[in-house]
Amino acid sequence: MHVRLTQLDGKLPNLALMKLAAWHRSRGDDIHFFTGDRGAERGLDEPTYSHVYGSAIFGFSAPLVEKFRTQFPGAIVGGTWSIKEGEDGLVVDDGITVEDVIGSDYEHYDYSVAPADFAASLGFTQRGCRLKCKFCVVPGKEGKPRSTGTIDRIWRGPGYPKHIHLLDNDFFGQPRPDWEARIAELRDGSFKVCFNQGLNVRALTRQAAAALASVQYRDGKFRERRLYTAWDNIGDEWVFFRGVDILEAAGVPAKHLMAYMLVGFDPAETWERLLYRFNAMVARGIQPYPMIYGDKRRTLPLGGTNQRLEGKRLGEFQRWVVTGLYRAVEFADYDRTLNRSNRGEPDLFGGVA
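Rules used throughout
- Residues numbered from 1 in each chain as written.
- Predicted model: local features only at pLDDT ≥ 70, side-chain atom pairs only at ≥ 80, totals over all residues.
- Heavy atoms only, no water.
- Pairing = 2+ DSSP bridges.
- Helix = DSSP H or I, 4+ residues; strand = E, 2+ residues; numbered from the N terminus.
- Axes fitted to C-alpha atoms, helices over the stretch in contact; angles between N-to-C directions.
- Contact = heavy atoms within 4.5 Å.
- Buried < 20%, exposed > 50% of the residue type's maximum accessible area, 1.4 Å probe, protein only.
- Parallel < 35°, antiparallel > 145°, perpendicular 65-115°, else oblique.
- Left-handed = near helix turned anticlockwise from the far one by under 90°.
- Nonpolar A, V, L, I, M, F, W, Y, C, P; charged D, E, K, R; others polar.
- Polar contact = N/O pair within 3.5 Å; in protein donor to acceptor, adjacent residues only side chain to side chain.

J.: With reference to specific residues and values, describe the sheet that holds strand 3 (residues 51-55).
T.: Within the open sheet, the 4 strands sit side by side as 2-1-3-4. Their pairing is parallel. Each having just a single partner strand, strand 2 (30-35) and strand 4 (76-78) make up the two edges of the open sheet. Averaged over all adjacent pairs, the angle separating strand axes in this sheet is 20 degrees, with direction ignored. Pairing geometry for strand 1 (residues 2-7) and strand 2, over 6 bridges, is parallel. Within the sheet, the bridge partner assigned to His2 lies in strand 2 and is Asp30. Running at roughly 170 degrees to strand 1, helix 1 (residues 15-25) makes contact with strand 1, strand 2 and strand 3 of the sheet.

J.: So what's going on with the pairing of strand 3? Which residues, and what values?
T.: Counting buried positions along strand 3 yields 4 of 5 residues, so the element is predominantly enclosed. Bridge count between strand 3 and strand 4: 3 bridges; the pairing is parallel. Across the sheet, the residue bridging to Tyr53 is Ile76, located in strand 4.

J.: Lay out the packing of helix 8 (residues 206-213) against helix 9 (residues 237-250) in plain terms, naming residues and giving numbers.
T.: At a minimum axis separation of 8 Å, helix 8 and helix 9 run at an interaxial angle of 50 degrees. As judged from the angle between their axes, helix 8 and helix 9 are oblique. The crossing of helix 8 and helix 9 is right-handed. Across the interface between the two elements, Arg206, Ala209, Ala210, Leu212 and Ala213 of helix 8 pack against Ile246, Leu247 and Ala250 of helix 9. Across the contact of helix 8 with helix 9, the residue classes break down as 7 nonpolar, no polar and 1 charged.

J.: Now, about helix 1: what can you tell me, with residues and values included?
T.: Along an α-helix, residues three or four positions apart point the same way, because every turn accommodates 3.6 residues. Of all the 11 residues making up helix 1, 9 are buried; the element is thus mostly covered by neighbouring parts of the structure. Turning to helix 1, its buried residues number three or more, namely Leu15, Leu17, Met18, Lys19, Leu20, Ala21, Ala22, Trp23 and His24. As for helix 1, its buried residues are in contact with strand 1, strand 2, strand 3, helix 4 (98-102) and strand 7 (121-123). If you check the start of helix 1, you find a side-chain oxygen 3.1 Å away from the backbone N of Ala16, and it comes from Asn14.

Right under this line is the structure:
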């Protein structure tokens, strides 16, 4: 039988599609893998498929999902591209998961559908999250934190670099003996690890900070020293910087941090409040990364700050920060249309639609 797998967005290989590929190959099926815009269209020479799957992460991919479904009626589409408000936060609108299709006990992955130059290993040591943030889909999708695997199980083995992309949403939310065991595996095995989804600096303990300082944490390309965290709410200023202080005391400098900053979610947000949060991080050497909630074309009330920010859009702010131009020009003076180096550069992350 022929099976079609389509990764509609996302830069990292899609773990759910990798699992489906392994499961179907084990049954003797032929796998046909496609990505992106072209993958949403049926080619003239494609066979008749017994199963068609697609996966999308970001809200901005909704039109692409609809195009894909038009081309392949009856396709199963998973991911977090379509979400809605639930009682305790956001929930996935279409809750189909790979576990619903093949069961929860199957833990094999086919890296042949990953890009040929992708040599790292990726997976989870835990699922779920301790928090219930209204803007986040993880608690509704995964529930409370629990341990799920080991580093040795994630690593692809000899012949592959000891580079681990951890997709855990709350690494230190799992029981302490479990995260201590995972840290020991990383440290004793000389692994380089990217905590891809970020670490909750607000709940960081001295013991957890010391554990992080003991491992080779890296960015997504495994080149620079990098830890990812978040500062989403201006009201969390004290607890956020308390976590930063704990990390620095353990030997992790603030310049190693990239902080995702949620923008456009708080109804009381103004340019003054947003820039205060941004400047406070820059002053400590932290690299901010704005993540826009909703429409990137929206603006914010001034809040008493520079009148020249009138009409500025959230997407402009994100671009100004991500390109690093904040080091050279004030946001009020930033004009994206005059910055040739920005043209055609894709956004690394999408907002929630």
